[in-house]
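Breakdown of the fold
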Amino acid sequence: MIAHVRGTVAAVAPDGAVIEVGGVGMRVQCTPGTLALLRPGESAQVATSLVVREDSLTLYGFGSDDERNVFELLQTASGVGPRLALAMLAVHTPDALRRAVSTEDLGALTMVPGIGKKGAERIVLELRDRLGPPGESGPAGGLPGTRPHRVASWRDQVQSGLVNLGWPVRDADQAIAALEDEGVVDGADAAVDVAMVLRAALRKLSKQ
């Protein structure tokens, strides 16, 4: 298994990044929160999980080992593949997922596009004893050699993340505007926590 990749970020797209390692560009699928920490031309290291299929090899990248480990554990539940597991981590932090599963918070789980009530119940039943209680995450912090995006791109990052999770562009833009109006996010020229804004937008959209 490829545990991590370290190199220069060659490109960042809405659903992944290309990291150049030893002259080879490796495409890594990532959550919007992880992508928000990657800057083209800068060095970065991402924890990775390689998913092998008969017709493909897909590398998934994460901002921490804990996020990668939770991604792999999520796939042990029936009906949860890598894309759904990635969507779950786009909506919730690893500890938020542990909390939702341990407290049987079906509402939090159904915030993830693609998970209905029955699916949430199955995830709780199958993962309750595997994910562990909240607080078992590894060391916090961003990716080495990276820093958060500035306002010039945070809206695009959040919008792309919402669209990739199945929301129409219009709904994504309305949710972002509503969060600014409510003061949840400061539209001034300052660093923005894209992962936090993305989760707040998803909570707002799920109530519509």
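A short tour of the structure in this document, coming up. (Residues numbered from 1 in each chain as written. Predicted model: local features only at pLDDT ≥ 70, side-chain atom pairs only at ≥ 80, totals over all residues. Heavy atoms only, no water.)

**Some remarks on the packing of aromatic side chains**
For clarity, the cut-off: Working definition: rings of Phe, Tyr and Trp (its six-membered ring) pair if their centres are within 6.5 Å, and the pair is stacked with planes under 30 degrees apart, edge-to-face with planes over 60 apart, and tilted otherwise. What counts as a helix is a DSSP run of H or I of at least four residues, what counts as a strand is a run of E of at least two, and both are numbered from the N terminus. Relative accessibility thresholds used throughout: buried, under 20% of the residue-type maximum; exposed, over 50%; partly exposed, between the two (1.4 Å probe, protein chains only).
Per the stated rule, a full pass over the model turns up two aromatic pairs. Seen in terms of ring centroids, Y60 and F71 are 5.1 Å apart; in terms of plane orientation they differ by 40 degrees. Their pairing is tilted. Note that Y60 is positioned in strand 5 (residues 56-62) and F71 in helix 2 (residues 65-74), a separation of 11 residues in sequence. The same class applies to Y60 and to F71, which are both buried. With a centroid separation of 4.8 Å and 45 degrees between ring planes, the pair formed by F62 and F71 is classed as tilted. Each member of the pair, F62 together with F71, is buried. Each residue in the set Y60, F62 and F71 is aromatic and connected to the rest through ring pairs, giving one cluster.

**Overview of the sheet that holds strand 5**
Backbone hydrogen bonds are what pair the strands of a sheet, in a parallel or an antiparallel way. What counts here: For two strands to be treated as a pair, DSSP must find at least two bridges joining them. Orientation is described by lines fitted to C-alpha atoms, with helices fitted over the stretch in contact, and by angles between N-to-C directions that extend from 0 to 180 degrees. The criterion used for residue contact is that any of the two residues' heavy atoms lie within 4.5 Å.
A barrel is described by the order of its strands in space; here five strands give the closed sequence 1-2-3-5-4, paired in mixed fashion. This sheet shows a mean twist of 55 degrees between the axes of neighbouring strands, independent of strand direction. The strands that helix 2 touches are strand 4 (43-53) and strand 5; relative to strand 4, the one it contacts most, it runs at about 10 degrees. Contacts from helix 3 (residues 82-91) reach strand 3 (24-30), strand 4 and strand 5, with the element oriented near 10 degrees to strand 5.

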